[in-house]
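A closer look at the structure
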Amino acid sequence: MDRRQFISGVGYGLLSLGLAGCGLNLSEKNDSQQNAQNTQSKQAPPSSESVYARNKLIVSEGSDPNSLIEKGFAALGGIGVLVKKGAAVVLKPNFSVARKPEEAATTNPQLIAAVVKQCLAAGAREVKVIDYPFQSPLVCLTNSGIKAAVEAAGGKAYAINSQSFYTQVDTGGKTLKTALFSKDVLSADVFINFPILKHHSMTKLTLGLKNMMGLVWDRGYFHSTDLIQCIAELAAFRKPHLTIVDATRGITDNGPMGPGAIREWNQVVFGVDPVAVDTYAATLFGHKATDIEYITAAAKLGVGEMDLQKLTVVKV
Amino acid sequence: MKSKKALLLRYTLQFISLLSFILLLAVLAYPPELENQLLQSFSRLDPWLLLSQLRWQQEVPSWAWLPLLTLVSTLLWGRIFCGWLCPFGALLTLTDKIGRAAFPKLSLLRTKVLRAVQPVRGYWFIFLGTIFVLGSNWVFFFTPFALFSHEIVRGLQGDIPWMLIGIIVGTLLFSRLWCSVLCPTGVLLSLVARLRFFRCELAGAKPQESRRQFFKVAFAVAMAGALWRKTVWAAEKVLRPPGALPELDFTAVCNRCGRCIQVCPSNALRPMPITEGLANFETPYVIPRKNRCDLCLACQKVCPTGAIAQVPLEKIRMGKAVIDKPRCIAWNDGKMCYICGEQCPVLAISADEHHRPTVLSDKCVGCGSCENACPVNGEAAIRVIPA
């Protein structure tokens, strides 16, 4: 308890310093969401001033991991636009559970490896592949095949499973005012969210917006306050430069842990707008986006567009 | 010249043995692979492991030839296992050399003490043997592969290997007293060596001496008989590793080598403190609120004794989860929390239409994922009751 108190004390200390730096006042910030959003835009590093068209979704179809990824980036306008020479890239796939690739509960390791290769070929300084798994990191990294695939491709894969990987940030939400958020993501030049499309017992689906929870230290807070609102507010705090949804295959029940019935879609969805990407993927799964509460909640906060009519879907 | 070469060979073997044993334990990790197979084969050279298997599993294991090899070689050439292959013996040989160089003045005392203590080993052996036969395996803890392994693991886990330190200090002062008098394997093999074919010296003891001996033996057996039950008792119920034998058998069979603790990728397995009693001291257990068992079953693969048996996942029953509904935020506060169910690796928790969890006890294996993940402050609202 002492240690936790000390760490949170340090966290609050850092937070207040940060706020002082922003020339803002803590009590004022908590009062209204309007202010909170100001804080967010000042405190969060310029994130998703996107290099790719915001209203476009790329859907690549097929079964070969390399070509799925290559086609997708080509259609977006080339990876070189996003990943500049010397860039530090962070990928956030889903390896939260200790399941094997064929159990379809974790992001396909071959897809991840393909993205790692592309980033390095584009001149990235480093590519980190991170998640905060439920189960022990080593078992998740090994069973999912992600560690082996990423390392073979030249990247680094690890679990952010101790508090030292996190720093206190002002998330600026109503429910989620602050959070201990991944330092790797905060310091990255390029941040790509890389979820798998699969069933989730509580939120129906786990997608890009939900996948962001793996970048937060205290997930229990989400559940014990308001899960949907927290997911939406986290999405508003930090948008990835790109979301890639692995919709090659996924479990359609017993999620997120599995084992469950597996369905294949053989698609990979690329998009800048996290709400739009999730909307498309939810539809693919057979849900209406309005059924997935966190998509609606995020759209309400202005995170993105959930009307597919307003988007261009390009199939490649 | 020949003996010099032999000595060189002996030292080389001892050095390799010591170094490889420490290294193998240091690299033992999930998933256990070649290093585990080497460790297993290496430690199976110890005949006590075979005795233990016969005592508790009542079947001849496929690797029985390894300890038999040791016994046969002992019959042929004496205690070559102790002097050439045993990693702990190697360490103590080295320590002894240092001790003799550092404290040359003690050499007379050393010889005296060794000579005085030497006869005790027979009775000590009978004492240990009786306890072993009656049903406790802590005897086995003193065998080199168990004890040394346990102490190395302690060191690797950042704890002080105080037994090792004690034995090293003892060896510096009194030479290899441990090997020749206290080590159960050493004593066993020295008894076997007495029967050896090439130097038969079964000189009959004098009658009056044999009578005195009889009383001493009887005393050792009586002591063992009186004490053994005190060394076997169940701890307050705790979660044991997946596949562990029933509690009393588990504490009896486990030799506390610590390999399961070393290999456990989630650090769920921890050694029990001495406050839980001598019988449970240093046996592995899980505190799910701290770390859950991920059911990787690596502990089953590394266990040299079979205390953690090779039980398939479907048949594992470490305990059963029970929900404390008044404290559960889904049941009591209507919160959208189903973390226990989300994280249950065996789908043993089901949700109703409000995402409120219910445990399906026939499916629950007792891994503790739910208790570990429960976001309620302090004690979890779902807890695993050990089987």
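Residues numbered from 1 in each chain as written. Chains lettered and ligands numbered in written order. Predicted model: local features only at pLDDT ≥ 70, side-chain atom pairs only at ≥ 80, totals over all residues. Heavy atoms only, no water.

1. Some thoughts on the overall build of chain B
- Across its full length, chain B holds 19 helices and six strands.
- Across the 387 residues in chain B, those meeting the buried criterion constitute 51%.
- Restricting to contacts in chain B with at least 6 residues of sequence separation, those with at least 24 account for 73%.
- When the accessible area of chain B is evaluated, it comes to approximately 18800 Å², of which 66% is carbon and sulfur surface. (Helix = DSSP H or I, 4+ residues; strand = E, 2+ residues; numbered from the N terminus. Buried < 20%, exposed > 50% of the residue type's maximum accessible area, 1.4 Å probe, protein only. Contact = heavy atoms within 4.5 Å. Areas by Shrake-Rupley, 256 points an atom, 1.4 Å probe, with all protein chains shown as cover.)

2. Points about the overall build of chain A
- Within chain A, the secondary structure is distributed over 13 helices and 12 strands.
- Here chain A holds 316 residues, and the buried ones make up 58% of them.
- Contacts spanning at least 24 positions in sequence make up 73% of the contacts within chain A whose residues lie at least 6 apart.

3. With respect to a nonpolar patch on the surface
- Nonpolar side chains collect at one region of the surface, where Phe103(B), Ile160(B), Trp162(B), Ile165(B), Val169(B) and Leu173(B) lie side by side and expose about 550 Å² of accessible area between them.
- Inspection of the secondary structure assignment puts Phe103(B) in the loop between helix H6 (87-102) and helix H7 (107-117). (Patch = residues over 30% accessible without salt bridge, like charges linked within 9 Å, V, L, I, M, F, W, Y side chains within 5 Å. Salt bridge = Lys/Arg side-chain N within 4 Å of Asp/Glu carboxyl O.)

4. Notes on unusual backbone geometry
- Of note, the bond from Gly255(A) into Pro256(A) is cis; its omega dihedral lies within 30 degrees of zero at 0°.
- Looking at where Pro256(A) falls in the secondary structure, it is placed in the loop between strand E10 (242-251) and strand E11 (262-271).
- Here the phi dihedral of Gln58(B) falls at roughly 50°; this positive angle occurs in a residue that is not glycine.
- Relative to the elements of secondary structure, Gln58(B) occurs in the loop between helix H3 (47-56) and helix H4 (65-77).

5. Side note on the nonpolar core
- Counting 199 residues, the largest nonpolar core has Phe73(A), Leu197(A) and Phe88(B) as the members making the most contacts within it.
- Ranked by residues supplied to this core, first place goes to helix H11 (residues 227-237) of chain A with nine residues.
- Setting aside residues up to four positions removed in sequence, Phe73(A) forms contacts with Tyr52(A), Gly78(A), Ile79(A), Val115(A), Gln118(A), Leu242(A), Ile244(A) and Phe270(A).
- Judged by nonpolar contacts, the second largest core, of six residues, contains Val97(A), Phe134(A), Ile251(A) and Met257(A). (Core = buried A, V, L, I, M, F, W, Y, C linked by side-chain atoms within 4.5 Å.)

6. Let's talk about the sheet that holds strand E2 (residues 88-93) of chain A
Residue and element names in this part refer to chain A.
- Strand order in the open sheet made by the eight strands is E4-E3-E2-E7-E10-E11-E1-E12, with mixed pairing throughout. Single-partner strands in this sheet number two, and they are strand E4 (156-159) and strand E12 (312-315). Sheet twist, expressed as the average angle between the axes of neighbouring strands with direction ignored, equals 20°.
- Bridge count for strand E1 (residues 56-61) against E11 is five bridges, and the pairing is antiparallel. The residue bridging Leu 57 from the neighbouring strand is Gly 271, located in E11.
- Sheet contacts for helix H12 (residues 274-285): E1, E10, E11 and E12; angle to E11, the most-contacted strand, approximately 160°. (Pairing = 2+ DSSP bridges. Axes fitted to C-alpha atoms, helices over the stretch in contact; angles between N-to-C directions.)

7. With respect to the interface of chain B and chain A
- Listed as interface residues are 20 residues of chain B and, on the opposing side, 23 residues of chain A.
- Here chain B packs against chain A, burying approximately 1900 Å² in sum over the two surfaces, 62% of which is carbon and sulfur.
- When the area that chain B buries against chain A is broken down by residue, the three leading residues are Tyr30(B), Met336(B) and Glu342(B), summing to 36%.
- Where chain B meets chain A, there are six residue pairs in polar contact (both at pLDDT 80 or more).
- It is helix H18 (residues 339-343) of chain B that contributes the most residues to the side of chain B that touches chain A, three residues altogether.
- Each residue belonging to the side of chain B that touches chain A can be placed in one class, and the counts come to 13 nonpolar, three polar and four charged. (Buried area = accessible area lost by both parts, 1.4 Å probe. Polar contact = N/O pair within 3.5 Å; in protein donor to acceptor, adjacent residues only side chain to side chain. Nonpolar A, V, L, I, M, F, W, Y, C, P; charged D, E, K, R; others polar.)

8. Some words on helix H13 (residues 293-300) of chain A
Residues and elements named next belong to chain A.
- Every buried residue of H13 is accounted for by Tyr 294, Ile 295, Ala 297, Ala 298 and Ala 299.
- Next to the buried residues of H13 lie strand E9 (204-206), helix H9 (208-211), H11 and H12.
- Once H13 ends, the next one or two residues include Gly 302, with phi positive near 80°.

9. Topic: the environment of Ile58(A)
Residue and element names in this part refer to chain A.
- Within the secondary structure, Ile 58 sits in strand E1.
- On the accessibility criterion, Ile 58 (0% relative accessible area) is buried.
- In this structure, the C-alpha to C-alpha distance between Ile 58 and Gln 267, residues 209 residues apart in sequence, is 10.0 Å.
- Look past the residues within four positions of Ile 58 in its chain and what remains in contact with it is Gly 72, Ala 75, Leu 76, Val 268, Val 269, Phe 270, Val 314 and Val 316.

10. Re the packing of aromatic side chains
- Overall, the coordinates contain 20 aromatic pairs over all chains when judged by the stated rule.
- On the numbers, 5.2 Å between centres and 85° between planes, the contact of Phe181(A) with Phe237(A) is edge-to-face. Here Phe237(A) lies in helix H11 and Phe181(A) lies in strand E6 (residues 178-182), a separation of 56 residues in the sequence. Of the two residues, Phe181(A) and Phe237(A), both sit in the buried class.
- Members of the aromatic cluster, connected to one another through ring pairs, are Phe21(B), Phe42(B), Phe81(B), Phe88(B), Phe145(B) and Phe148(B). (Phe/Tyr/Trp six-rings, centres within 6.5 Å; stacked < 30°, edge-to-face > 60°.)

11. Notes on the pairing of strand E5 (residues 166-170) of chain A
Residues and elements named next belong to chain A.
- By the criterion of burial, E5 is predominantly enclosed, with four of the five residues buried.
- When E5 meets E6, the two strands line up antiparallel, connected through five bridges. From the neighbouring strand, Gln 168 faces E6, where its bridge partner is Leu 180.

12. Some remarks on the packing of H4(B) against helix H12 (residues 184-194) of chain B
Residues and elements named next belong to chain B.
- Where H4 meets H12, the axes come as close as 7 Å, and the angle between the chain directions of the two elements is 45°. The pairing of H4 with H12 is recorded here as oblique in orientation. Classified by chirality, the crossing of H12 by H4 is right-handed. Every residue of H12 that contacts H4 at Thr 70, Leu 71, Thr 74 and Leu 75 is listed here: Leu 189, Val 192 and Ala 193.
- The class makeup of the residues in the contact of H4 with H12 is five nonpolar, two polar and no charged. (Parallel < 35°, antiparallel > 145°, perpendicular 65-115°, else oblique. Left-handed = near helix turned anticlockwise from the far one by under 90°.)

13. What to know about the confidence of the model for chain B
- In this model, chain B carries a mean pLDDT of 89, and residues with pLDDT of at least 70 account for 94%.
- Between residues 200-205 of chain B, whose pLDDT stays under 50, and residues either more than four places distant or in other chains, the model counts two contacts. (pLDDT = per-residue confidence, 0-100.)

14. Let's talk about the state of the cysteines
Residues and elements named next belong to chain B.
- Following the criterion strictly, the structure yields zero disulfides over all chains and no others.
- Left without a disulfide partner, Cys 82 is nearest to the cysteine sulfur of Cys 183, which lies 6.4 Å away.
- Distance from the sulfur of Cys 340, which forms no disulfide, to the nearest cysteine sulfur (Cys 328) is 6.3 Å.
- Overall, the relative accessible area of 10% leaves Cys 340 in the buried class. (Disulfide = S-S within 2.5 Å.)

15. Observations regarding H12(A)
Residues and elements named next belong to chain A.
- In this model H12 runs 16 Å from its N-terminal to its C-terminal C-alpha over 12 residues, within 8% of the 16 Å that 1.5 Å per residue would give.
- In terms of burial, H12 is a largely internal element, 11 of the 12 residues being buried.
- Among the residues of H12, the N-terminal cap falls to Asp 273, whose side-chain oxygen and the backbone nitrogen of Val 275 are separated by 2.9 Å. (Expected span 1.5 Å × (residues − 1).)

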